[in-house]
Amino acid sequence: MTNLLAAACCPESAINMQKKNEVNPEDYYWVITVTERSKETDTGWFESLLGLADEDGTQFVPVTAEKFEAETLLRLLPPAGHPDTLRQVEAMHKDLVRQQADEHGFNIYLVDGAGRIQGRIKS
């Protein structure tokens, strides 16, 4: 059901803002990240953005405007395929999300906590 989209880690400032829950919605989206052991080496970890596919099979990164919506969506996802896989909600700068989506051919869709598409941000 899920496709992984490679992504860089959030800038330290984004992580600090997330902990304080003081994310400026004009600059940040709430995303679900997936962290798993690197498939290429057993020595490190690989972080990616969660990617999904819509009813037409178009791959997209789901983003939310509110943290609670991303947390709700996270709870609705089927279990990860491997026990060493960690999914979590993070704030990520909009420019970084767009850059990663562009590099990997994903669209960006605004979704609600149930995963319903509210609008296309980047097609």
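First things first, this report covers the structure right here in the doc.

A word on the nonpolar core
Generally speaking, a soluble globular protein has its nonpolar side chains buried in company with each other.
Link 1 in the chain: Ranked by size, the top nonpolar core spans 14 residues in total, and within it Trp30, Ile32, Leu50, Phe60, Val89 and Val111 carry the most contacts.
Link 2 in the chain: Where this core is concerned, the elements lending two or more residues are strand E2 (28–37), strand E3 (45–53), helix H2 (67–76), strand E5 (86–93) and strand E6 (107–111).
Link 3 in the chain: Looking at this core element by element, the count peaks at 4 residues for E2.

Re the side chain of Lys94
Link 1 in the chain: Relative to the assigned elements, Lys94 resides in helix H3 (residues 94–104).
Link 2 in the chain: Despite being buried, Lys94 has no salt bridge partner; Asp27 is the closest side chain of opposite charge, sitting 6.7 Å away.
Link 3 in the chain: Ignoring anything within four residues of it in the chain, the contact list for Lys94 reads Pro25, Glu26, Asp27, Tyr28 and Tyr29.

Notes on the environment of Ala65
Link 1 in the chain: With respect to the helices and strands, the residue Ala65 is situated in the loop between strand E4 (59–63) and H2.
Link 2 in the chain: With relative accessibility at 37%, the residue Ala65 sits in the partly exposed group.
Link 3 in the chain: Remark: the alpha-carbon pair of Ala65 and Gly113, spanning 48 residues in sequence, is separated by 9.9 Å.
Link 4 in the chain: Apart from residues lying up to four places away in sequence, Ala65 is in contact with Trp30 and Leu110.

Digging into H3
Link 1 in the chain: Along H3, the residues that are buried comprise Lys94, Leu96, Val97, Gln100 and Ala101. Looking straight down H3, one finds its buried side chains confined to an arc of 165°; they lie on one side.
Link 2 in the chain: Backbone geometry just downstream of H3 places Gly105 in the positive-phi region, at approximately 75°.

A short note on the pairing of E3
Link 1 in the chain: Pairing geometry for E2 and E3, over 5 bridges, is antiparallel. Along E3, the bridge assignment pairs Glu36 with Phe46.
Link 2 in the chain: Looking at chain direction, E3 and E4 are connected through 2 bridges and run antiparallel. Residue Ala53 lies in a different strand from E4, and its bridge partner there is Gln59.
Link 3 in the chain: Taking the residues between adjacent antiparallel strands as the criterion, E3 and E4 are bridged by 5 residues, where Gly57 takes a positive phi near 85°.

Cut-offs applied
- Residues numbered from 1 in each chain as written.
- Predicted model: local features only at pLDDT ≥ 70, side-chain atom pairs only at ≥ 80, totals over all residues.
- Heavy atoms only, no water.
- Core = buried A, V, L, I, M, F, W, Y, C linked by side-chain atoms within 4.5 Å.
- Buried < 20%, exposed > 50% of the residue type's maximum accessible area, 1.4 Å probe, protein only.
- Helix = DSSP H or I, 4+ residues; strand = E, 2+ residues; numbered from the N terminus.
- Lys, Arg positive; Asp, Glu negative; His and termini not counted.
- Salt bridge = Lys/Arg side-chain N within 4 Å of Asp/Glu carboxyl O.
- Contact = heavy atoms within 4.5 Å.
- Arc of directions from axis to C-beta.
- Pairing = 2+ DSSP bridges.

Purely geometric numbers; function is a separate question.
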